[in-house]
2 protein chains.
Amino acid sequence: MTAVASAPAGTAVLAARLRQAVGAERVLTDHAQLRTYECDGLANFRVTPGVVVLAESRQHVVDTVRLCAEAGVPFVARGSGTGLSGGALPVAEGVLLVLSRLRALGPVDPDNARVVVEPGVINLWVTRDATPYDLAYAPDPSSQQVCSIGGNVAENAGGAHCLKYGFTVNHVLGAEVVLPDGSVVHLGGTAPEHPGYDLLGAFIGSEGTLGVATSLTLRLVRVPEAVQTMLVGFSSVEDAAGTVSDIIAAGILPAAIEMMDALAIEAAEAAVHCGYPAGAVAVLVIELDGPQVEVEAQFAQVEQIALARAAFETRIAQDAAERALMWKGRKSAFAAVGRISPAYFVQDGVIPRTKLPQVLAEIDRMAAEVGLRVANVFHAGDGNLHPLVLFDDAVEGQAADAEELAGAILELCISSGGSITGEHGVGFEKRHKMAVQFTPEDLDTMQLVRCAFDPEGIANPGKVFPTPRLCGERPGPRTGEHPVQAAGLGEVF
Amino acid sequence: MTAVASAPAGTAVLAARLRQAVGAERVLTDHAQLRTYECDGLANFRVTPGVVVLAESRQHVVDTVRLCAEAGVPFVARGSGTGLSGGALPVAEGVLLVLSRLRALGPVDPDNARVVVEPGVINLWVTRDATPYDLAYAPDPSSQQVCSIGGNVAENAGGAHCLKYGFTVNHVLGAEVVLPDGSVVHLGGTAPEHPGYDLLGAFIGSEGTLGVATSLTLRLVRVPEAVQTMLVGFSSVEDAAGTVSDIIAAGILPAAIEMMDALAIEAAEAAVHCGYPAGAVAVLVIELDGPQVEVEAQFAQVEQIALARAAFETRIAQDAAERALMWKGRKSAFAAVGRISPAYFVQDGVIPRTKLPQVLAEIDRMAAEVGLRVANVFHAGDGNLHPLVLFDDAVEGQAADAEELAGAILELCISSGGSITGEHGVGFEKRHKMAVQFTPEDLDTMQLVRCAFDPEGIANPGKVFPTPRLCGERPGPRTGEHPVQAAGLGEVF
């Protein structure tokens, strides 16, 4: 069989066992086929996996993980592959476990506002099925038309509306999980509160390092009576940022407050003709939802606040088409930047809302220093920045400069009291930044949990943590000396 | 020194070291003094500790835990001691680490709506200090005038308003924690989302088994513009329960929906003359908060829903005094039951909201079968029952019958799709029920985490889990065989 011949020698025996367990048609070892899976949405890191398994049932997942555990071969789970931090980057000579065929969905339980789904189900399908009952699934990443719920759980995905509705972790009630040794456990459940440890919270956002979810019970939210969207134009970033703080300080919690700066507006306008206020240096897209009376009363207040901050235009969408156009400008911004720059890096950082103006000014200064442009698109309500660092990969050294600037922006987020990721995860890309944000003791504590779940280090190794930990002897009281660091271990790859 | 002489021989050396580390005046070994700490709010289990340490600083906590770890002596952390599941029950010959002197509070940070507190701070003090800024700390257990934030964190405390505002876990942003080996780590932080594992969520509600918090960063919520409270009387429990479901199904999320049955009403009326509707078989106390316009519109809707379910009286509190009286009836119910029964057990279970009528009918049937009375007081909105099983301890065998009935009620909660605790924790009392609610695999997964944090099993041993686990070799794939159970280990006590 040519397929087997082309697999790395080390995984040939495992591939044969996998074929026997899950069926030969679900195991790929042909190099051309394997290359399809060499990266996720972060295409600047690529690794060809040793074997790909296309699971179609929980049992396939259990069998694959158990065989990997027995062989001591690493595995990486993957959903739709839309992640932006390299969390689903394969391990060379490892197994890539593709879950996108696990797509059982529902039925929706309207009385209890919940639904059980398999991990390969697409985010937007959940809301589609819930809509007839006036229910919706709240987390709405920009990729919601293609990203999978399993991937959302791995990265604790957010979206434009997480200011009011929270992240994925707030919308998953329970999970069936295959642990790295192949055993199946249940985390969480449908009761509002559970005894024992809340391991579901630790599992969500663990980026595939603690196990593989095979079934998820999702919480649905009621569709609000009214949803209204307002577009506000400003002549300065400071005024826009100040408006965001003033709205929250007034006790108003919008469903979303999105902000775009001049460069992002320019790109969106060129791409989708969204009709944003001409000459705006910054715009806010503000969405309020709730009972009609409340939305109307609050929009009057929001408008006053914006005008007091020198907004030069406020516009409430008069119908669904106008509302859709306002959102189209915002949601297309990432792709639109491709029209004004040959290439760009998307970054994902968090800062305290109150520091928006200072941090944006500093990003401008840093960008000017290296002669690059940065477009800023962000979930302003919760301080989640997505700076887009523009560069031309045809100009020698510019990609490297851009990567360095992107990294420096993250360190600026940390030094401003924020975090290196709001919703895209640490993955492969940002693992070294973890050591900037956390003390060795704090990272070591997370590794204790990783080692408890995965002592052999086979579940998505090389992700999240800056240095792999040997899961043998537990270190003694960790006061200054850190065996993990002392070992000076190199990269997994 | 007589004090030393009266300490158990095994802890004398440790007590001497503790005195040296934290100061002799903070270490108690006199038997009469030790007895003060022999139980928490669940007084039917009592154990005298070997040593009590009255910590006054983080360093005292670190020193105490480190000395315990070195000596292999168990420790139990304790706040105000108001817990209802025996979570702070001491270990004989162990150390009881009292945190109630760690009371540094604030200052409140109004811009970011947060405050940093030490674990001994009393729950209500946080809201007291936040009130000048129109902010409040949302979790409000009935014991909020005396219970400590550290204890709230250990048990993931709730309260009447957790239907809308969530539990303690939703209001703690970060924690400084002393792990069982004496090292200090930071879990969570102030950014809305964090990279790495969410160990803060696992720590909150871990009942002192993973470490001791020495500092907590709390999230404050804005005080709503309007708060209104309505009292509704029904002739049947089914109608009251149906009203609860209908309100939620209509998309209204009250701040609180509390329910009391006839026996609880009778007790409250006798104790505090709260003027509940005469002849009511069940009452609901419904509180709405938010913008004035929303509260008014929603109360009209709630009233319609209640009338459609045959409510015979609806009454909106006209002023603060009337509102306080409505709440006084509800909040005094536990104590009031003491007026109509010599003794009672408070139980804490959770069921799906939709099953309230069936479960209440079954509790009645079970109570009648053994000739006991059960008064029901509960957070109806989220299905959190507090059945009070009344008995006379002067009648031989009745306490045992009542205990058995209380246990059977919990099993009924589980078989109805619920949980053995909503907010009081598992503690010592309900550890055996964990094996009813969870599979051995699920419990084993929690124990993996416990062993990762506390391999020697010295942090509050004998709580939460039905059988202690030996933290040595990790079991292989757990498919049917459970080393923990196979070992047949007995009780710690």
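For clarity, every value in this text was computed on a predicted model and none was experimentally measured.

(A) A look at the overall build of chain A. A count of helices and strands for chain A gives 18 helices and 18 strands. For 493 residues, the compact-globule estimate of 2.2 N^0.38 gives 23 Å, and chain A sits close to it at 23 Å. If you line up chain A on its principal axes, its C-alpha atoms span 70 × 55 × 50 Å. Looking at the 493 residues of chain A, the share that counts as buried comes to 60%. By sequence separation, contacts in chain A at least 24 residues apart represent 70% of the contacts at least 6 residues apart. Working note: accessible area of chain A is about 17700 Å², and carbon and sulfur atoms make up 52% of it.

(B) A look at the sheet that holds strand β5 (residues 114-117) of chain A. Residue and element names in this part refer to chain A. If you walk across this open sheet you meet the four strands as β5-β9-β7-β8, and the pairing is antiparallel. On the outer flanks of this sheet lie β5 and β8 (184-188), each paired with one strand and no other. Direction aside, neighbouring strands of the sheet carry axes that sit 15° apart on average.

(C) Spatial organisation of the packing of aromatic side chains. Applying the stated criterion across every chain yields a total of six aromatic pairs over all chains. Ring centres of Phe465(A) and Tyr197(B) lie 5.4 Å apart, and the angle between their planes is 80°; on these two criteria the pair is classed as edge-to-face. With Phe465(A) in the loop between α17 (440-453) and α18 (483-486) and Tyr197(B) in the loop between β8 (184-188) and α8 (199-203), the pair connects residues from two separate chains. Residue Phe465(A) shares its accessibility class with Tyr197(B), and that shared class is buried. For the cation-ring pair, Lys331(A) lies above Trp327(A), with the distance from its terminal atom to the ring centre recorded as 5.7 Å.

(D) Spatial organisation of the sheet that holds β8(B). All names here are of chain B. Sheet architecture is open: four strands sit in the order β5-β9-β7-β8, paired in antiparallel fashion. Where the open sheet ends on each side, the last strands, each with one partner, are β5 (114-117) and β8. Neighbour-to-neighbour, the strand axes of this sheet turn through a mean angle of 15°, independent of strand direction. Taken together, the four bridges between β5 and strand β9 (residues 212-219) define a ladder with antiparallel strand orientation. Bridge pairing in β9 links Val116 to Thr217.

Reading guide: rules and limits
- Along each chain, numbering runs from 1 in the same order as the chain's sequence is written.
- Here every chain gets a letter starting at A, and every ligand a number starting at 1, in the order they are written.
- Two thresholds apply to this predicted model, a pLDDT of at least 70 for residue-level local features and 80 or more for giving and counting side-chain atom pairs, whereas whole-chain, interface and lining totals are computed over all residues.
- Processing note: side-chain calculations cover all non-hydrogen atoms of the structure and skip hydrogens and water entirely.
- Only DSSP runs of H or I with at least four residues qualify as helices, and only runs of E with at least two residues qualify as strands; both kinds are numbered from the N terminus onward.
- Note on method: radius of gyration uses C-alpha positions; expected globular size equals 2.2 Å times residues raised to 0.38.
- Using a 1.4 Å probe on the protein chains alone, a residue whose accessible area is under 20% of its type maximum counts as buried, one over 50% counts as exposed, and one in between counts as partly exposed.
- Any two residues whose heavy atoms approach within 4.5 Å are treated as being in contact.
- Methods summary: accessible areas were calculated by the Shrake-Rupley approach with a probe of 1.4 Å, and residue burial reflects only the protein chains presented.
- Here, strands pair whenever DSSP counts at least two bridges between them.
- Whenever a helix is involved, its axis is fitted only over the stretch in contact; in every case the axis is a line through C-alpha atoms, and angles between N-to-C directions fall within 0 to 180 degrees.
- Under the pairing criterion, centres of Phe, Tyr and Trp rings, with the six-membered ring standing for Trp, must be within 6.5 Å; the plane angle then separates stacked pairs below 30 degrees from edge-to-face pairs above 60, leaving the rest tilted.
- A ring has a charge above it when a Lys NZ or an Arg CZ is no more than 6 Å from the ring centre and no more than 35 degrees off the ring normal.

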